[in-house]
Amino acid sequence: MRFVLPVALIATTLANAPVRFDREKVLRVKPWDEKEANLIKDLAQTNQLDFWYPDAAHHVAPNMTVDFRVSEEESQSIQSALDQNQVHYEILTHNLQKEIEKQFDVKEDIPGRHSYSKYNNWDKIVAWTEKMVHKRPEMVSRIKIGTTVEDNPLYVLKIGKKGERRKAIFMDCGIHAREWISPAFCQWFVYQATKTYGKNKIMTKLLDRMNFYVLPVFNVDGYIWSWTQNRMWRKNRSKNQNSKCIGTDLNRNFNVSWNSSPNTENPCRETYRGPSPESEKETKAVTNFIRSHLKSIKAYITIHSYSQMLLVPYGYTTDLPPNHKDLAKIAKIGTDALSTRYETRYIYGPIASTIYPTSGSSLDWAYNRGIKHTFAFELRDKGKFGFLLPESQIKPTCKETMLAVKFIAKYILKHVC
């Protein structure tokens, strides 16, 4: 007996099938001169290249390491063009789908228990926030600061002893959906902070005298989409007027030099800035929360991946902020502390000159709102796995990053009024 599926059902099933990346490649090119840099930019005009580093073609410059993803269909012509122009390149990934599947290389410890050595989907993270409040009610509270475009809650966990007003640090993770190691660190931070309170001298002192506001996932809708539909998704999931392309890059949507880059105007680009500053519900929720806590928030930390960098303002200009020496000193000691664990080397400096110029970023916005100690981490690695860092590297990454974050917090406690 034959069963015939209705055409509409087949179409729906196909529409909901996750994007696959079979035989897609990630190439690394280091253009030696302007001619080679322009060749990459030209190829980006005529091909669907997904830039991993830098995040857009217009940033490509001589002597810069450039990583991009290319489809199976286009990889041959791209490689031929590079060969014909004698541009040296390296294939970092031969089959992206296989690398995606290899990410999950850690077995579940105990089924049902929240794992800090595995990537957790949004449902697990929500359940975890409830569990943390239930486990340590005297130290952890959950604040709903808003909702997303798809009506998912935005939760901030407040960590610290209850009582009088005190200094605070705001930290967010997962502003870009595909950077999964970022939310993994926020979970690790909350877990370690509460677990080591009363045992670790530094952490006890910090939580006795400071509060931490931790947003475990900034871009919730995009994060869910990266789990269910497209592992390489970056933006949020808002609809754009007069365009079929979905999403805004939340880290270009802040009201700081928002319209200074013409390359962020296209809704189909990964770095689309949105129709106006703070147009996105997620951005608005975070900026409203920070504005209402400006008196107490003395530092802002945002966690990204990848490239192993600790960045300070500014991104929209090469001018240095007045307290640049102070920020550079903290970044240097922070990266030195980080390297003591596994000898992981980070570089540090202002966004514009260390990574590439950006407009509308959360880091610059927070700084210009008066939070004079703002830092962006770009976590592991330097491109071997890129956004697909295996689970076996979660714990080492979190442990070393914790050393730098604790140093920053200690500095804020001691030196910032």
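Procedures and definitions
Residues numbered from 1 in each chain as written. Predicted model: local features only at pLDDT ≥ 70, side-chain atom pairs only at ≥ 80, totals over all residues. Heavy atoms only, no water. Pairing = 2+ DSSP bridges. Helix = DSSP H or I, 4+ residues; strand = E, 2+ residues; numbered from the N terminus. Axes fitted to C-alpha atoms, helices over the stretch in contact; angles between N-to-C directions. Contact = heavy atoms within 4.5 Å. Buried < 20%, exposed > 50% of the residue type's maximum accessible area, 1.4 Å probe, protein only. Salt bridge = Lys/Arg side-chain N within 4 Å of Asp/Glu carboxyl O. Patch = residues over 30% accessible without salt bridge, like charges linked within 9 Å, V, L, I, M, F, W, Y side chains within 5 Å. Areas by Shrake-Rupley, 256 points an atom, 1.4 Å probe, with all protein chains shown as cover. Lys, Arg positive; Asp, Glu negative; His and termini not counted. Charge placed at Lys NZ, Arg CZ, Asp CG, Glu CD. Parallel < 35°, antiparallel > 145°, perpendicular 65-115°, else oblique. Left-handed = near helix turned anticlockwise from the far one by under 90°. Disulfide = S-S within 2.5 Å. 1 Å grid on protein atoms, 1.4 Å probe; cavity = no way out; pocket = protein on both sides within 12 Å on 5 of 7 lines; lining within 4 Å. Points joined across faces, edges and corners; volume = space filled by probe spheres on them. Nonpolar A, V, L, I, M, F, W, Y, C, P; charged D, E, K, R; others polar.

Moving on, we get to the sheet that holds strand β3 (residues 66-70). Ordered in space as β2-β3-β1-β4, the four strands form an open sheet in which the pairing is antiparallel. Edge positions in the sheet fall to β2 (50-53) and β4 (89-93), since each of these pairs with one other strand and no more. Each strand axis lies, on average, 30 degrees off the axis of its neighbour in the sheet, ignoring direction. Relative to β3, β2 runs antiparallel, the two sharing three bridges. Across the sheet, residue Y53 finds its bridge partner in β3, namely D67. Against the sheet, helix α3 (residues 72-84) touches β1 (25-29), β3 and β4, its axis set at about 20 degrees to β1.

We now examine helix α8 (residues 220-228). Structurally, the α-helix is built with 3.6 residues per turn, so residues lying three or four positions apart point the same way. Taken residue by residue, α8 has V220, D221, G222, Y223 and S226 as its buried positions. Buried positions along α8 lie against α5 (122-135), β6 (153-159), α6 (181-196) and α9 (281-292).

Counting across every chain of the model gives 20 salt bridges. The closest approach of N and O atoms between R23 and E72, which form a salt bridge, is 2.9 Å. Pair noted here: R23 is in the loop between α1 (7-16) and β1 and E72 is in helix α3, with a separation of 49 residues, a long-range link. Take R23: its relative accessible area is 45%, and that puts it in the partly exposed class. Owing to a relative accessible area of 34%, E72 belongs among the partly exposed residues under this scheme. Close ionic contact of R69 with E24 constitutes a salt bridge, the shortest N to O distance being 2.7 Å.

With that settled, the discussion passes to a positive patch on the surface. Residues R113, K131, K135, K195, K199 and K395 make up a contiguous surface patch of positive charge. Within the secondary structure, K199 sits in the loop between α6 and α7 (201-209). Classification of K199 by relative accessible area gives exposed; the value is 70%.

Our focus in this paragraph is the packing of α5 against α6. When two helices pack together, you describe them by how their axes are tilted relative to each other and by the distance separating the axes. At a minimum axis separation of 12 Å, α5 and α6 run at an interaxial angle of 15 degrees. If you check the angle between α5 and α6, you find them roughly parallel. The handedness of the crossing between α5 and α6 comes out as left-handed. Of the residues in α6, those in contact with I125, W128 and M132 of α5 are C186, Q187, V190, Y191 and T194.

Put plainly, a disulfide is one covalent bond tying together the sulfur atoms of two cysteines. Applying the stated rule across the entire model yields two disulfides. Between the sulfur atoms of C173 and its disulfide mate C186 the distance is 2.1 Å. Its torsion about the S-S bond being 80 degrees, the disulfide of C173 and C186 is classed as right-handed. Here C173 is found in strand β7 (residues 167-173), whereas its partner C186 is found in helix α6, with 13 residues between them in sequence. When sorted by exposure, C173 lands in the same class as C186, which is buried. Between the sulfur of C245 and that of C268 lies a disulfide, 2.0 Å long from S to S. Because the torsion about its S-S bond is 90 degrees, the bridge between C245 and C268 counts as right-handed.

With that out of the way, let us pick up the pairing of strand β12 (residues 374-379). Extensive coverage of β12 is indicated by the burial of six of its six residues. Residues T374, A376 and E378 of β12 are buried on one face, and the alternating residues F375, F377 and L379, pointing to the opposite face, are buried as well. Of the pairings in the sheet, the one linking strand β9 (residues 297-305) to β12 comprises six bridges and is parallel in character. Paired with T302 across the bridge in β12 is A376. Sheet analysis places strand β10 (residues 309-312) next to β12, joined by three bridges and oriented antiparallel. Opposite M309, over in β12, you have E378 as the bridge partner.

Moving on: empty space enclosed by the protein. The full count for this structure, using the stated rule, is two cavities of 30 Å³ or more. Empty space within the largest cavity amounts to approximately 260 Å³. Surrounding the largest cavity, 25 residues form its lining, N251, H304, I355, Y356 and E378 being those nearest its centre. If you list the elements that add at least two residues to the lining of the largest cavity, you get β2, β9, α12 (362-368) and β12. Classifying every residue of the lining of the largest cavity by side-chain character gives eleven nonpolar, eight polar and six charged. The space that makes up the second largest cavity amounts to roughly 50 Å³. Here the lining of the second largest cavity is composed, by residue class, of seven nonpolar, three polar and one charged.

Attention now moves to the environment of P322. Structurally, P322 can be placed in the loop between β10 and α10 (324-342). With relative accessibility at 83%, the residue P322 sits in the exposed group. A sequence separation of 50 residues divides P322 from K372, and the C-alpha atoms of the two residues are 9.3 Å apart.

Let's shift gears to the side chain of E179. Position of E179 relative to the elements: it lies in the loop between β7 and α6. For the buried E179, no salt bridge is present, and the opposite-charge side chain at shortest range is R234, 4.5 Å distant. When sequence neighbours within four positions are dropped, the list of residues in contact with E179 reads R234, H304, S305 and F387.

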